[in-house]
Amino acid sequence: MTDQRMEKIIGILLRTGVMLAAAVVFAGGVGYLIRQGHEKAAYATFHAEPQILRTLPGIASGAAHLSWHAVIQLGLLILIATPIARVAFALVAFALERDRVYVVVTSIVLAVLLYGLFAPHS
Amino acid sequence: MTILEFTPIVFLISIVAGFLGALTGLGGGVIVTPALTLLLGVDLRYAIGASLVSVIATSSGAAAAYVREGYSNVRIGMFLEVATTLGALAGAYLSARVPTSALAVIFGLVLLHSAWQSTRKPPADQRGDGEDRLAHALKLPSTYPTAEGPTHYDVRHVKTGFGLMFGAGTLSGLLGIGSGALKVIAMDRAMRIPFKVSTTTSNFMIGVTAAASAGIYLSRGYIDPGLAMPVMLGVLAGSLLGARLLAGARTDVLRWVFAGVVALMAVEMIWSGFGKKV
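This is a predicted model, so every value here is computed, not measured.

Help me understand the overall build of chain A, please; the structure alone is not making it clear to me.
Counting its secondary structure elements, chain A contains 4 helices and 0 strands. Its helices and strands taken in sequence order, chain A reads α-α-α-α from the N to the C terminus. Over its C-alpha atoms chain A spans a radius of gyration of 18 Å, topping by over 25% the 14 Å that the globule rule assigns to 122 residues. Among the 122 residues that make up chain A, the fraction classed as buried is 44%. For chain A, contacts bridging at least 24 residues in sequence account for 64% of all contacts bridging at least 6. Here chain A displays about 6100 Å² of accessible surface, and carbon together with sulfur accounts for 69% of that area.

Got a minute to help me understand the overall build of chain B in this structure?
When you go through chain B residue by residue, the secondary structure sums to 11 helices and 2 strands. Beginning at the N terminus, the succession of helices and strands in chain B can be written as α-α-α-α-α-α-β-β-α-α-α-α-α. Considering chain B as a whole, with its 278 residues, one finds that 60% of them fall into the buried category. Contacts in chain B between residues far apart in sequence, at least 24 positions, make up 80% of those at least 6 positions apart. Roughly 10600 Å² of accessible area belongs to chain B as shown, and the carbon and sulfur atoms make up 65% of that amount.

What is the right way to look at the packing of aromatic side chains in this model?
To describe a pair of aromatic rings, one takes the distance between the centres and the angle between the planes. This model, assessed by the stated rule, comprises 8 aromatic pairs over all chains. Their ring planes at 75 degrees and their centres at 5.0 Å tell us that F46 of chain A and Y222 of chain B sit as a pair that is edge-to-face. Here the residue F46 of chain A occupies a position in the loop between α1 (3–36) and α2 (56–64), and Y222 of chain B occupies one in the loop between α9 (195–219) and α10 (225–245), the pair thus bridging two chains. Of the aromatic side chains, those joined through ring pairs into one cluster are Y43 and F46 of chain A together with F6, Y46, Y217 and Y222 of chain B. Residue placement shows R220 of chain B over the ring face of Y217 of chain B; its charged tip is 6.0 Å from the ring centre. Stacked on the ring of Y222 of chain B, the Lys or Arg R220 of chain B has its end atom at 5.4 Å from the ring centre.

When you look at the nonpolar core in this model, what are you seeing that I'm missing?
With 110 residues, the main nonpolar core has L140, V155, L227 and M232 of chain B as its most contacted residues. Considering every element that reaches this core, the biggest residue donor is α9 of chain B, with 12 residues. Those residues in contact with M232 of chain B that lie beyond four places of it in its chain are A21, A22, V25, L76 and L79 of chain A together with V53, S54 and A57 of chain B.

Any chance you could explain the packing of helix α4 (residues 74–97) of chain B against α9 of chain B here in plain terms?
In helix packing, the relevant descriptors are the interaxial angle and the interaxial distance, both defined with respect to the helix axes. All names here are of chain B. In contact at an axis separation of 8 Å, α4 and α9 are set at 35 degrees when each is read in the N-to-C sense. Of the two elements, α4 crosses α9, and the hand of that crossing is right-handed. Facing I76, G77, L80, E81, T84, T85, A88, L89, A92, Y93 and S95 of α4, the residues of α9 in contact are T201, F204, M205, V208, T209, A212, S213, I216 and Y217. Here the contact of α4 with α9 is composed, by residue class, of 12 nonpolar, 7 polar and 1 charged.

Even after reading the chapter, I still don't get the interface of chain A and chain B, so can you show me in this structure?
Many structure descriptions define interface size as the accessible area lost when the parts assemble. Across the contact, 61 residues belong to chain A and 58 residues belong to chain B. Together chain A and chain B conceal approximately 5500 Å² of surface at their shared face, both sides included; 70% is due to carbon and sulfur atoms. If you look at where chain A meets chain B, you find 4 salt bridges. Here E97 of chain A ties to R75 of chain B by a salt bridge, and the two come within 3.0 Å at their closest N and O atoms. Here chain A and chain B share 19 residue pairs in polar contact (both at pLDDT 80 or more) between them. Looking at the side of chain A that touches chain B element by element, the count peaks at 18 residues for α1 of chain A.

Is there a simple way to think about the packing of helix α5 (residues 100–118) of chain B against helix α7 (residues 158–175) of chain B in this case?
Residues and elements named next belong to chain B. For the pair α5 and α7, interaxial distance at closest approach is 11 Å and the crossing angle is 130 degrees. In terms of orientation, α5 lies oblique with respect to α7. The way α5 lies across α7 gives a crossing that is left-handed. Between α5 and α7, the contacting residues are L103, I106, F107 and V110 on the first element and L171, L174 and L175 on the second.

When you look at α7 of chain B in this model, what are you seeing that I'm missing?
An α-helical turn contains 3.6 residues, so a residue and the one three or four places further along point in the same direction. Residues and elements named next belong to chain B. Compared with an ideal rise of 1.5 Å per residue, which puts 18 residues at 26 Å, α7 spans 26 Å between its outermost C-alpha atoms and is within 8% of the ideal. The set of residues buried in α7 consists of V158, G161, M165, A168, G169, T170, L171, S172, G173, L174 and L175. A positive phi of about 70 degrees marks G176, the residue just after α7.

What is the right way to read empty space enclosed by the protein from this model?
Empty space left among the atoms is revealed by rolling a probe the size of a water molecule over them. Counted according to the given criterion, the structure contains 4 cavities of 30 Å³ or more. Within this model, the second largest cavity holds a volume of roughly 50 Å³. Lining the second largest cavity are E7 and R86 of chain A together with S72, N73, V74, G77, T201, F204 and M205 of chain B. For the lining of the second largest cavity, the element with the most residues is α9 of chain B, which contributes 3 residues. Across the lining of the second largest cavity, the residue classes break down as 3 nonpolar, 4 polar and 2 charged.

Explain the pairing of strand β1 (residues 142–146) of chain B to me, please; I cannot follow it from the model alone.
Here is the key point about a regular strand: its side chains alternate between the two faces of the sheet. All names here are of chain B. By the bridge criterion, 5 bridges tie β1 to strand β2 (residues 149–153) in an arrangement that is antiparallel. Looking at the pairing, S142 lines up with Y153 of β2. Here β1 folds back onto β2, and the loop between the two strands holds 2 residues.

Help me out: how do you make sense of a nonpolar patch on the surface in this one?
Side chains of F26, V30 and I34 of chain A sit close together on the surface and give an oily, nonpolar patch of about 320 Å² of accessible area. Along the polypeptide, V30 of chain A turns up in helix α1.

Analysis parameters
- Residues numbered from 1 in each chain as written.
- Chains lettered and ligands numbered in written order.
- Predicted model: local features only at pLDDT ≥ 70, side-chain atom pairs only at ≥ 80, totals over all residues.
- Heavy atoms only, no water.
- Helix = DSSP H or I, 4+ residues; strand = E, 2+ residues; numbered from the N terminus.
- Rg over C-alpha atoms; globule rule 2.2 N^0.38 Å.
- Buried < 20%, exposed > 50% of the residue type's maximum accessible area, 1.4 Å probe, protein only.
- Contact = heavy atoms within 4.5 Å.
- Areas by Shrake-Rupley, 256 points an atom, 1.4 Å probe, with all protein chains shown as cover.
- Phe/Tyr/Trp six-rings, centres within 6.5 Å; stacked < 30°, edge-to-face > 60°.
- Lys NZ or Arg CZ within 6 Å of the ring centre and 35° of its normal.
- Core = buried A, V, L, I, M, F, W, Y, C linked by side-chain atoms within 4.5 Å.
- Axes fitted to C-alpha atoms, helices over the stretch in contact; angles between N-to-C directions.
- Left-handed = near helix turned anticlockwise from the far one by under 90°.
- Nonpolar A, V, L, I, M, F, W, Y, C, P; charged D, E, K, R; others polar.
- Buried area = accessible area lost by both parts, 1.4 Å probe.
- Salt bridge = Lys/Arg side-chain N within 4 Å of Asp/Glu carboxyl O.
- Polar contact = N/O pair within 3.5 Å; in protein donor to acceptor, adjacent residues only side chain to side chain.
- Parallel < 35°, antiparallel > 145°, perpendicular 65-115°, else oblique.
- Expected span 1.5 Å × (residues − 1).
- 1 Å grid on protein atoms, 1.4 Å probe; cavity = no way out; pocket = protein on both sides within 12 Å on 5 of 7 lines; lining within 4 Å.
- Points joined across faces, edges and corners; volume = space filled by probe spheres on them.
- Pairing = 2+ DSSP bridges.
- Patch = residues over 30% accessible without salt bridge, like charges linked within 9 Å, V, L, I, M, F, W, Y side chains within 5 Å.

Interpretation note: all reported values are geometric properties and have no functional meaning in isolation.
Next comes the structure, spelled out in structure tokens:
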């Protein structure tokens with residue numbers, strides 16, 4: 001695989017991920033506005049989001065039960081996952097090119113990204 | 001204000017931010033956060049969380065167009081992403097330990113720098129003498145399309161560029177911005193990469209950098225779906241519109257107006273930072 005071809009596929013991958021994420025966020029947003037539109041918007045003081053909107057299992061189960069907040073979070077998760085998928089794809093491509101240096105470089109980036117997404121943070 | 005009134009206002013602000021961000025190359029994040037905090041009184045942490053996800057959206061959404069032009073360099077991007085993602089983790093950890101008043105001041109200073117940067121013309125491509133052995137070991141030099149056909153370019157000062165990128169990543173994780181301006185400075189000024197290659201590769205890197213800290217913001221409860229929804233959709237729509245409408249337009253006057261607005265927001269951010277009780 002040439003670098004040009006790799007970049008072309010990466011571009012398509014990114015655009016698809018973003019469009020999918022935007023569609024899910026939009027669908028969740030419509031449901032949220034219908035359900036909670038009349039409530040007061042309260043963003044002046046910071047309260048950390050509830051646990052269910054902060055973890056992968058919480059968001060997944062919330063979205064499955066059509067909690068609109070969780071559906072929006074699911075879309076945002078897809079969005080966050082898009083660049084990570086891009087790096088994972090580059091890792092495969094460099095491996096196919098037998099480019100050892102860049103397999104190592106890309107693995108480091110991927111490890112950092114997965115740590116940010118999965119490691120518990122407080 | 002009810003959510004039905006609040007959401008469209010946030011959406012409109014975000015469209016304008018994304019539009020101006022695409023136009024000036026600064027990205028929407030740097031505008032949407034101060035606009036939300038200063039105009040709507042949104043807590044800075046919510047604004048940063050929402051802006052961070054919009055940064056991923058604009059970077060990834062624009063990437064397909066850049067790739068078609070054949071400018072970005074996937075090796076330079078990946079190598080420097082080691083620095084930016086580690087920096088982003090550091091920034092995200094710092095953000096929980098720095099008081100919001102200090103965050104506001106830092107944000108204001110970054111805004112001031114962005115305003116200054118946006119009034120400057122893209123510099124002519126510079127060529128330095130001397131080889132960087134590290135650059136060759138990492139296969140960073142490449143070619144890019146010009147009027148005279150594919151042209152070769154070298155890459156210099158790899159270590160300096162790497163260090164600057166760690167700083168750019170830290171600011172991105174700390175403030176929820178793309179810090180594209182800093183990334184371009186590192187590649188363009190320090191590493192002497194042609195401007196077109198710098199900007200497109202930087203745009204590619206922004207999404208990956210933001211994704212590194214976004215997971216931390218999410219698990220810390222900084223990303224509110226009700227706020228992030230209109231911000232992400234608005235900034236994305238605005239930036240796609242901006243990139244399409246103004247691909248070849250003259251933007252000199254707009255740049256100055258924009259720089260003025262950003263500078264004003266910068267001063268207000270710094271002012272609000274000092275005004276708050278620590």
